Each structure stands twice: as structure tokens, then as C-alpha cells.
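Residue-level structure breakdown
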Amino acid sequence: MSVVTDESRVGSVELAIGGMTCASCAARIEKKLNTLDGVSATVNFATESARVSFPAAVSAGDLISIVEQAGYTAAVPAHRHAEAGEPGAADAGAAAEAGEPDRLRRRLLVSTALAVPVVVLAMVPAWQFRNWQWAALVLASPVAVWGAWPFHRAALVNARHGAATMDTLVSVGVAAAYLWSVYALFFGTAGQPGMRMSFAWLAAGSGSGATYLDVASGVTALILLGRYLEARAKRRSGAALRALLALGAKDVAVLRDGAEVRIPVGQLAAGEEFVVRPGEKIAADGVVVSGGSAVDTSMLSGEPVPAEVGPGDAVTGGCVNAGGRLVVRAVRVGADTQLAHIARLVTEAQAGKAPVQRLADRISAVFVPAVIGVALTTLVVWLAAGQGAGAAFTAATAVLIIACPCAMGLATPTAILVGTGRGAQLGIVIKGPETLESTRAIDTIVLDKTGTVTTGRMGLVDVAAAPGTDPADVLRRAGAVEDASEHPVAAAIAAGARDRLGAGLPGAGLPGAGLPGAGQFASHHGLGVTALVEGHTVAVGRPGWLESEWGTTVPPTLAVRAAQAEQAGQTAVFTGWDGQIRGLLVVADTVKPTSAGAVGRLRALGLWPVLLTGDNERAARVVAAAVGIDEVIAGVLPAGKVDAVKRLQAAGRVVAMVGDGVNDAAALAQADLGLAMGTGTDAAIQASDLTLIRGDLLAVPDAILLSRRTLATIKGNLVWAFGYNAAAIPLAALGFLNPLIAAAAMAFSSVFVVTNSLRLRRFQPAPARASGR
């Protein structure tokens with residue numbers, strides 16, 4: 001057992017818990033921890049972790065002892081060392097988390113391969129060759145013992161602590177069916193050559209002439225399938241941190257004794273100076289010592305507009321240098337960086353979620369011991385009535401078999417399997433039943449602006465020319481100059497000019513016209529660029545720079561258009577040649593064409609939309625008005641986004657969050673339901689509960705509708721599974737069901753559950769509204 005201490009808060013620890021098999025395990029551990037005076041614990045089954053606050057009188061060792069006494073184990077959380085920048089830590093964590101699903105998969109494949117022929121032989125009398133029952137015993141034995149061992153082991157652990165879960169009922173049901181079959185083969189008449197499965201409606205009419213090896217092996221394989229699907233979904237929970245840490249630089253060029261020395265980023269010390277070339281990631285938080293460049297800060301701000309930096313400006317580790325060479329002095333390294341801080345925000349938000357109590361496990365707390373009690377009572381009553389040991393054991397076995405949770409085990413995974421398959425066709429990834437339960441209660445949906453409501457890419461939206469100037473000349477010459485620049489805004493202008501000229505802009509000449517060549521290119525850091533185009537010295541940049549260089553003023557018509565662009569949160573770039581300002585190019589992040597319709601559908605679902613962005617208030621209000629959103633929260637960084645979600649939750653709202661960037665990852669984890677655009681970063685995707693592969697906001701209402709429909713299907717499956725048990729158990733106890741009939745009823749229940757789940761394949765998204773209102 002290992003403990004990770006939260007250094008920012010004395011008396012607070014995070015424990016990585018091992019050995020939990022269901023939500024009731026998490027509830028038991030949480031209850032045990034909270035029995036200590038002054039201890040407040042939250043155990044999360046999905047992330048297999050516990051966050052515990054405790055007084056000075058309690059030590060971490062006391063907490064460890066309590067967990068171990070409950071029968072569970074733990075391991076060091078993978079992110080403990082990964083946050084400190086140790087190489088390979090994230091990969092090691094990924095390998096450890098991948099182990100359990102892989103082990104379950106092997107156990108499932110072997111068990112299925114052995115169980116299928118046993119079930120077929122038992123259900124098709126025409127295929128029952130001479131001594132087939134002994135072949136079935138050989139095939140079923142590894143399944144009932146080795147395949148079902150996880151259930152047997154969990155049942156033994158639970159029994160030692162006076163508890164019972166679904167594992168207990170699976171173990172007892174499989175063991176009873178298998179042991180009775182062994183008894184019938186060796187001491188009854190079932191082992192005789194030429195035996196056929198006998199059929200009788202009543203327990204008194206049957207005895208030791210039948211085997212239930214198909215039940216023992218079939219139930220094991222089906223429950224293993226459900227466990228494998230669950231483990232595969234849980235494995236994703238740690239991937240958010242690995243995705244975040246993968247954004248950091250792996251090595252860095254440090255300046256030592258006037259020379260560049262490339263070292264692993266973990267060896268970089270605060271105070272050292274390092275070089276960042278164009279296209280490289282900044283290795284640590286620091287201050288620019290020399291050089292100038294445009295830095296892509298979208299990892300933090302979520303905004304596509306790069307930040308111009310020069311000597312004295314602060315830069316953040318993980319951001320990409322999009323322009324010139326920089327020399328940076330490291331201020332915060334390793335676990336102290338902003339990137340590591342975001343990773344901790346994700347961890348805390350995930351660990352702070354309340355444990356999801358699965359419906360089946362809640363009911364099983366009473367159902368499992370009740371079934372075992374009924375089976376034992378049936379055995380005793382039948383023996384006391386003088387009906388004979390064979391009839392008594394047959395009736396008791398029928399109770400266990402009819403109650404064996406085959407349909408319960410299929411209720412959730414089959415619905416999720418079909419629902420997620422249909423979701424994939426619609427561009428939606430649902431990560432598990434916890435997500436489904438979250439969708440039913442949400443009443444507020446927070447939408448990140450950039451990359452979610454908007455395209456997240458700068459684009460040329462308008463071109464204006466001064467009186468007497470051809471707009472095509474403005475577009476062609478400015479585009480030629482910007483085509484030689486590395487700046488992202490320049491790239492947007494060049495691409496937009498090329499597209500508009502190619503489409504035949506009015507006055508631009510023939511369709512298909514390209515950009516002319518540019519010579520004598522020069523960049524003026526933070527001001528603009530110049531080049532020789534078509535015999536003219538063309539400049540593109542800030543208006544103040546152009547005015548001071550040429551001793552001229554901006555034409556009134558262009559000044560008015562620039563003010564309008566600024567009011568709308570857009571970026572205006574001026575251009576001119578031969579000493580005169582000739583035109584204006586406007587670039588902006590554009591709203592996705594489907595966003596307004598998506599907001600309309602979200603409102604129709606009863607959800608209140610909120611726009612959340614790191615951009616300025618004016619730009620946010622323009623976008624919100626375009627798509628029909630009234631509430632706007634603007635100008636916030638990653639920690640601010642988390643705080644905004646917390647404030648909404650504190651106000652009594654149940655919040656869903658939609659985002660696409662690293663800056664959204666912590667807020668996605670904090671929200672009651674996180675939805676990530678699949679076109680966004682891995683960190684956002686892994687921190688979310690739902691991933692929208694196609695990157696279309698219309699997928700959000702589709703995802704919520706499909707999740708709610710899938711949850712309703714799971715509930716229907718569970719109602720049927722428990723309902724049929726409640727009706728059939730008394731019949732079995734009274735002797736009106738032969739175990740073979742009980743097995744058939746159990747099989748029918750499974751078929752019903754699967755068929756009910758398959759109805760999700762017909763799910764169709766609702767049509768979008770024409771506007772956001």
C-alpha cells in the first residue's frame with residue numbers, strides 16, 4: 001500500500017485502491033474509513049482511488065490498516081512520479097492499467113471456447129453421443145474452477161468480512177451447478193453410457209439423472225464478458241493524466257558555458273537558460289531572455305490567436321514556439337509547471353466525484369443473502385418432509401440456478417455494447433454506465449467557445465479597400481507578403497487570399513489566379529512584415545506602425561471597418577504600398593454552421609446553455625448572440641473554468657461541460673458530465689465521459705438522448721432480471737421447477753435482455769432546429 005500526500009493540504013492523502021469488483025466494494029471501504037473519528041473519505045470505484053482528509057490524531061498508516069483489514073490492496077498512483085517529470089512513468093502506469101483487462105480477456109476467450117460445446121450438447125439432444133456427459137465434464141471443469149476463480153476468490157474475501165455481493169451469488173450458483181453435476185455423474189445415474197438429459201417439471205420427479213454443466217460454464221462465460229467490458233472502460237480513467245503529460249517536452253537544449261547541451265527535461269533546473277527553436281515545445285515555465293516570436297498558447301487559453309513574446313515576457317511550458325528562436329530562463333520546472341498543475345486539477349476533479357452505485361449491486365446487498373437463505377431453507381424443509389436427499393437438493397439447486405444472475409450480468413454490458421455501437425455510427429463514444437446515469441439529471445450545459453461552438457481556426461472573413469483601390473490588389477499583394485511569414489494570422493490571410501482568388505473574387509481577375517512572388521521579405525517583430533511584390537514595397541501590420549513609417553493616416557472608411565471588427569472581437573490587419581495605407585483584412589475564428597441548431601436542440605431538451613471561454617467579453621458575446629446563448633462567462637484560464645463549473649454546481653445546477661482543449665480537461669473532469677470534441681486534444685478526450693468523434697456540436701444533443709435511452713434500456717433489463725427472479729424463486733422452492741427448466745428460464749431471461757438491448761440499434765437523432773432560439 002502506498003500513499004500520495006497532497007503537499008498543499010496537511011492531513012489530506014490520496015490512496016490508490018486495488019481489488020474492488022463492484023460499487024458496493026467502494027461503499028464498504030468508504031464506510032470503514034469514515035468510522036475513524038474526524039476522517040472524511042470519498043472512494044471512487046471508477047478511478048479506483050480514495051481521497052481522505054484526517055486529523056492529526058490519525059496517521060496514514062491507520063488509514064492503510066483500515067483498508068487492508070477490509071480485504072483490499074493498493075498501488076502507487078502512476079501520476080505520482082509522472083508529475084515530477086520522471087521519464088517513462090506515464091508509460092509504466094499505462095502498462096499497469098492495461099494488465100487487468102488483458103487478463104480478463106484471456107480468461108474470457110478460454111472459458112467461452114470451452115463453454116460453447118458444453119451448452120450446445122446439453123441443449124441439443126440429437127447431438128448427445130455416447131458418454132457425451134463425460135466430455136462435457138472435461139470441458140466444463142476448467143471453466144467452473146479456473147474461469148470462475150475471480151468470482152470464487154471475491155466471494156471468499158467477502159465471506160471473511162461478513163458481506164455478500166453479486167460475486168457471491170455467481171460463485172455459489174456456479175459451484176452448486178458444477179458440484180451437483182459431479183455428484184450426479186459419479187454417484188447417480190447421470191454417468192451411465194447413453195444417458196440423455198432427463199426432463200421433469202417437478203423437483204420430486206427428478207433426481208441424480210441430470211447434469212447442469214451447461215449452467216456452470218455458460219454463466220461463467222457470460223459474467224466474464226460483462227466484467228471484461230467494464231474493466232476495459234475503467235482502464236481509460238488514467239489516460240487523461242498520461243495525455244496531459246505527453247504534451248510536455250521530452251528534452252531541452254540548455255545553455256551551459258555558452259554552448260547548447262541537449263538533456264532530458266527532467267534534468268532541467270530552475271534558473272537555467274534554454275533554447276526554443278521554431279516548432280519546438282517550451283520545456284518549462286519561464287521568462288524570455290532574448291529573441292522574439294509568436295507562441296501558440298491554445299493549450300492554456302483555448303484561443304487560436306498566438307501571443308507575441310519578447311524579452312521579459314513570461315512563457316508557459318508545453319506551449320509551442322510558432323515563430324523565431326527564443327532563449328528562456330526556467331522559473332518553474334517539473335511538478336511546479338502550469339501543465340503539471342492542470343494534471344493535478346484533473347486528478348482532484350476525478351477523485352472528487354461521488355461513487356456511482358450500480359443498480360444491480362444496490363439490490364444485491366439484500367438479494368444475494370436472501371437467495372442463499374431461501375435455497376438452504378428449501379433444502380432443510382424438503383429433507384424434513386421426508387422427500388429424499390435427491391429431491392431436496394434438486395429443489396435447492398433450482399433456486400440457486402433460477403436466481404443465478406445471468407440476465408443481471410448481461411443487463412448493463414449488452415445495452416452498453418449496442419448503445420455504444422450505435423453511438424459510434426453517430427460519432428459518439430460513451431465510456432460507461434456512470435456516464436449514462438449522469439445524463440438523466442443534468443440541467444445546465446457549459447459550452448467552450450473555441451473549437452466547440454466555433455471552428456477553432458483563424459480564417460479570413462472580410463477584405464476592405466480604400467477609395468480608388470481594387471480589393472483584388474489588396475488581397476493579392478497582402479496575401480503574397482503574408483505567404484512568406486510563419487505567423488498563424490499571416491497563414492490565415494494567405495490561405496484566405498488563395499481561396500478567394502481561386503474562386504474568382506469579383507475584380508480579382510480570372511478564377512484560379514494564384515499569389516504573386518514576394519522578394520526582400522523582412523519581419524518587424526510585433527509590428528508587421530514587408531516585401532517587394534509586383535514592383536511595389538508592400539507592408540502588412542499594425543496601423544500605428546504603418547502611420548509612423550510612412551507619415552500617413554488610416555483612411556476614414558478603413559478606420560470605421562476596423563472599429564466594427566474590434567467590436568465584434570475580430571482581428572484587423574492593415575496593408576498598403578508605396579507609402580499609402582490601401583486596405584484592411586479581417587480575420588476571426590468563425591462559428592460552426594451547425595452550432596445554432598445544436599443549441600436549439602439542447603434548449604428543447606430542457607438544458608440551459610452557458611458559453612465559457614478564455615477569450616474577451618466582446619468576442620464571446622458576439623458568438624453567443626449568433627447561436628442563441630444568453631449566459632456568458634469570459635476571460636477565464638483553466639483554473640477559472642474549473643471554478644466556473646464549481647460555482648454553477650454550488651448554485652444547485654447539475655452541469656455538463658463540452659470542450660476540446662487541454663485547457664478544458666480539468667473542467668470536463670469537474671463537471672457532472674464531460675463531453676469532449678473528438679477533433680480536440682487527447683487530454684480533453686480522456687478526461688471526458690462522452691467523446692464526440694465528428695467534432696460537430698449537433699452530436700451533443702444526440703449523445704445526451706442516446707445516453708438516456710441506453711440508461712432506460714439498462715433499467716428495463718434489470719427490472720426484468722430481478723422481476724423474473726422474484727416470480728420464479730418461489731416456484732423453484734416449492735418444487736414446481738426442475739433445475740433444467742430453471743436453466744431454460746434463465747436462458748430465456750438472457751435472450752429477452754439481449755433482444756431488448758438490440759432495440760437501441762434503431763435509435764435516430766432528432767432533426768436540428770433552424771436557429772438557436
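The notes below deal with the structure included here.

Cut-offs and rules
Residues numbered from 1 in each chain as written. Predicted model: local features only at pLDDT ≥ 70, side-chain atom pairs only at ≥ 80, totals over all residues. Heavy atoms only, no water. Helix = DSSP H or I, 4+ residues; strand = E, 2+ residues; numbered from the N terminus. Buried < 20%, exposed > 50% of the residue type's maximum accessible area, 1.4 Å probe, protein only. Contact = heavy atoms within 4.5 Å. Areas by Shrake-Rupley, 256 points an atom, 1.4 Å probe, with all protein chains shown as cover. Pairing = 2+ DSSP bridges. Axes fitted to C-alpha atoms, helices over the stretch in contact; angles between N-to-C directions. Parallel < 35°, antiparallel > 145°, perpendicular 65-115°, else oblique. Nonpolar A, V, L, I, M, F, W, Y, C, P; charged D, E, K, R; others polar. Phe/Tyr/Trp six-rings, centres within 6.5 Å; stacked < 30°, edge-to-face > 60°. Lys NZ or Arg CZ within 6 Å of the ring centre and 35° of its normal. Arc of directions from axis to C-beta. Patch = residues over 30% accessible without salt bridge, like charges linked within 9 Å, V, L, I, M, F, W, Y side chains within 5 Å. Salt bridge = Lys/Arg side-chain N within 4 Å of Asp/Glu carboxyl O. Core = buried A, V, L, I, M, F, W, Y, C linked by side-chain atoms within 4.5 Å.

Things to note about the overall build of the protein
The number of helices and strands found in the protein is 27 helices and 27 strands. Residue burial in the protein is summarised as follows: out of 773 residues, 53% are buried. Long-range pairs, those at least 24 residues apart, make up 70% of the contacts in the protein between residues at least 6 apart in sequence. Counting only carbon and sulfur atoms, one obtains 59% of the accessible surface of the protein, whose full area is about 30,800 Å².

Description of the pairing of strand β16 (residues 444-448)
Counting buried positions along β16 yields five of five residues, so the element is predominantly enclosed. Alternating positions in β16 separate into two faces, T444, V446 and D448 on one and I445 and L447 on the other, with burial throughout. By the bridge criterion, five bridges tie β16 to strand β23 (residues 608-612) in an arrangement that is parallel. Considered in β23, the bridge of V446 is made with V610. Relative to strand β25 (residues 655-659), β16 is paired through four bridges, and the arrangement is parallel. Paired with L447 across the two strands is V658, which belongs to β25.

Focus on the sheet that holds strand β10 (residues 293-296)
Across the sheet, three strands lie side by side as β11-β10-β13; this open sheet has antiparallel pairing. Each having just a single partner strand, β11 (307-309) and β13 (320-321) make up the two edges of the open sheet. Where β10 and β13 come together, two bridges link them in antiparallel fashion. Bridge assignment links V295 to a residue of β13, and that residue is N321.

Digging into the environment of T439
Looking at the element boundaries, T439 is found in helix α15 (residues 433-439). Taking relative accessible area as the criterion, T439 reaches 0% and is therefore assigned buried.

What about the packing of helix α21 (residues 595-604) against helix α26 (residues 699-733)?
Between two packed helices, the angle of one axis relative to the other and the distance separating the axes together describe the packing. Axis separation between α21 and α26 bottoms out at 8 Å; the angle between their running directions is 30°. Overall, the two elements α21 and α26 adopt an arrangement that is roughly parallel. Within the contact between the two elements, α21 uses A598, R601 and L602 and α26 uses V700, P701, D702, I704 and L705. Residues of the contact of α21 with α26, tallied by class, amount to six nonpolar, no polar and two charged.

Side note on the sheet that holds β25
Reading across the sheet, the seven strands line up as β15-β27-β26-β25-β16-β23-β24 and stay open at both edges, with mixed pairing between neighbours. Each edge of the sheet is formed by a strand with only one pairing partner; in this case those strands are β15 (428-430) and β24 (631-633). Across the sheet, the mean angle separating the axes of adjacent strands is 20° when strand polarity is ignored. Across three bridges, the pairing between β15 and strand β27 (residues 690-692) is antiparallel. Counterpart to I430 in the pairing with β27 is L690.

Section: the packing of aromatic side chains
For any pair of aromatic rings, geometry is given as the distance between the ring centres together with the angle between the planes. One pass over the structure, following the stated rule, counts three aromatic pairs. For the ring pair Y183 and F187, a centre distance of 5.9 Å and an interplane angle of 35° mean the geometry is tilted. Take Y183: its relative accessible area is 38%, and that puts it in the partly exposed class. A connected cluster of aromatic rings, assembled from ring pairs, spans W180, Y183 and F187. Looking at R107, its charged tip hangs above the ring of W146, at a distance of 4.7 Å from the centre. Across the ring face of W577, the terminal group of R477 is positioned such that the distance to the ring centre comes to 4.7 Å.

Considering helix α22 (residues 617-627)
When we look at burial in α22, the residues that qualify are A619, A620, V623, A624 and V627. Burial along α22 is one-sided: seen end-on, the buried residues are contained in an arc of 130°. Looking at the packing, one finds that the buried side of α22 touches α16 (449-453), β17 (454-465), β22 (580-591), α21, β23 and β24. Two residues or fewer after α22 comes G628, characterised by a positive phi angle close to 90°.

Overview of the packing of helix α5 (residues 132-147) against helix α6 (residues 149-160)
Between α5 and α6, whose axes approach to 5 Å, the crossing angle comes to 40°. Taken together, α5 and α6 sit at an angle that is classed as oblique. Side by side, α5 and α6 meet where A144, V145, W146 and G147 of the first sit next to W149, P150 and H152 of the second. The residue makeup of the contact of α5 with α6, split by class, is five nonpolar, two polar and no charged.

Let's talk about a nonpolar patch on the surface
A cluster of nonpolar residues, Y183, F186 and F187, forms a patch on the protein surface that exposes about 380 Å² of accessible area. When you line up the elements, F187 lands in the loop between α7 (166-186) and α8 (213-234). On the basis of relative accessible area, F187 is assigned to the exposed category, the value being 66%.

Points about the nonpolar core
Judged by nonpolar contacts, the single largest core of 61 residues is most densely connected at I445, L447, L611, V658, L675 and V700. Counting 30 residues, the second largest nonpolar core, distinct from the first, contains A140, A148, M195 and L213.

Regarding the pattern of salt bridges
This model, assessed by the stated rule, comprises 16 salt bridges. As a salt-bridge pair, R476 and E534 come within 3.0 Å of each other at their nearest N and O atoms. Of this pair, R476 sits in helix α17 (residues 471-482) while E534 is found in the loop between β19 (528-533) and β20 (536-541), placing the two residues 58 residues apart along the sequence. As a salt-bridge pair, R477 and E534 come within 2.9 Å of each other at their nearest N and O atoms. Highlighted residues: R477 in helix α17 and E534 in the loop between β19 and β20, separated in sequence by 57 residues. Several salt bridges converge on common partners, so that one network encompasses D473, R476, R477 and E534.

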